[in-house]
Amino acid sequence: MLDEANLIFEENFAADRNIGKFGGELIPDGANVLTHCNAGALATGGDYGTALGVIRGAIAAGKKVAVIADETRPYLQGARLTAWELMEDNIPVTLITDNMAGHLMKRGDVDAVVVGADRIAANGDAANKIGTYMVAVLAKAHNIPFYVAAPLSTIDLNTATGDDIPIEERDRREVTHVRDQQLAPDGVGVNNPAFDVTPSELITAIITDKGVARAPYTESLKALFD
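Let me begin by describing the structure that accompanies this report.

What counts and how
- Residues numbered from 1 in each chain as written.
- Predicted model: local features only at pLDDT ≥ 70, side-chain atom pairs only at ≥ 80, totals over all residues.
- Heavy atoms only, no water.
- Helix = DSSP H or I, 4+ residues; strand = E, 2+ residues; numbered from the N terminus.
- Core = buried A, V, L, I, M, F, W, Y, C linked by side-chain atoms within 4.5 Å.
- Buried < 20%, exposed > 50% of the residue type's maximum accessible area, 1.4 Å probe, protein only.
- Contact = heavy atoms within 4.5 Å.
- Phe/Tyr/Trp six-rings, centres within 6.5 Å; stacked < 30°, edge-to-face > 60°.
- Lys NZ or Arg CZ within 6 Å of the ring centre and 35° of its normal.
- Pairing = 2+ DSSP bridges.

### Some words on unusual backbone geometry
Here the amide bond leading from arginine 73 into proline 74 is cis, since omega sits at 5 degrees, within 30 degrees of zero. Secondary-structure assignment places proline 74 in the loop between β2 (66–70) and α4 (77–88). Residue proline 216 is reached from alanine 215 by a cis peptide bond, and omega for that bond is 0 degrees. Counting through the fold element by element, proline 216 comes out in the loop between β13 (211–213) and α8 (217–225). For asparagine 143, which is not a glycine, the phi torsion comes out positive at approximately 55 degrees. Mapped onto the elements of the fold, asparagine 143 is located in the loop between α6 (132–141) and β7 (146–149).

### Remarks on the nonpolar core
Nonpolar side chains in soluble globular proteins tend to end up buried together. Counting residues in hydrophobic clusters, the biggest one holds 28 residues, and the most contacted among them are Leu34, Val113, Ile120, Phe146 and Val148. Sequence-distant contacts of valine 113, defined by excluding residues within four places in its chain, comprise Leu34, Met105, Val135, Ala139, Ile144, Pro145, Phe146 and Tyr147. Ile27, Val33, Leu86 and Ile207 belong to the second largest nonpolar core, which has 20 residues in total.

### Section: the packing of aromatic side chains
Describing an aromatic ring pair means giving the distance of the ring centres and the angle of the ring planes. Going through the model one piece at a time under the given rule, you end up with one aromatic pair. Ring geometry for phenylalanine 9 against phenylalanine 13: centres 6.2 Å apart, planes inclined by 40 degrees, an arrangement best described as tilted. Highlighted residues: phenylalanine 9 and phenylalanine 13, both in helix α1 (residues 2–24), separated by four residues, approximately one helical turn. When the ring centre of tyrosine 48 is taken as reference, the NZ or CZ atom of arginine 17 above it lies at 4.2 Å. Its guanidinium or amino end placed over the ring of tyrosine 75, arginine 80 lies 4.8 Å from that ring's centre, counting from NZ or CZ.

### Some points on the sheet that holds strand β6 (residues 126–129)
As summarised here, the arrangement of the four strands in space is β8-β5-β6-β11, forming an open sheet in which the pairing is mixed. Of all the strands in the sheet, the pair left with one neighbour each is β8 (155–156) and β11 (195–198). Examined bridge by bridge, strand β5 (residues 119–121) and β8 share two bridges and lie parallel to one another. Note on β8: the bridge partner recorded for isoleucine 120 is isoleucine 155.

Encoded structure:
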């Protein structure tokens, strides 16, 4: 069991490095890259991550890259994890609230968006932390490339579209409270889906450990497995 666990870790480590290499080639020198939630080393068990692995891959290739991190309400993974992780690596990072992304895009402060994924359907629809779909729509409106970074194991060719991906509903207290501090009135109704699905037509490319897939994803994603 220990040997198998070490093998899984080594495969994950290598996959993240490959994602970083393939994705890093897509990021221009001097870019400001927006990311949503945490898809870094803390989320993957290695030292690179997926979405943040793309950032690290670009920097390893000699490029200067700065990151804009959405706070990622309601659980604040961007504020608590992504910002800390990037600062630990001395990668320039600016933290913003989730509702500031459109303003920065309109101002020309975002050159690319890179996010992770928890599950990718056969047609390229990608489920990720709630709020990702909103960022993708904004990126499309401002002609900013929107990349999804994930290992091949995240792609489920048996799931036809994102409509078939179940969405978890989380504890209402994550919305009404920040830790133990209640912000909302007692008894208010709460909707707290943990994820949303970004349609494939909003995704510029899907960066995997086996290469970069582009539309039509039903063909390019399947080809990666071949």
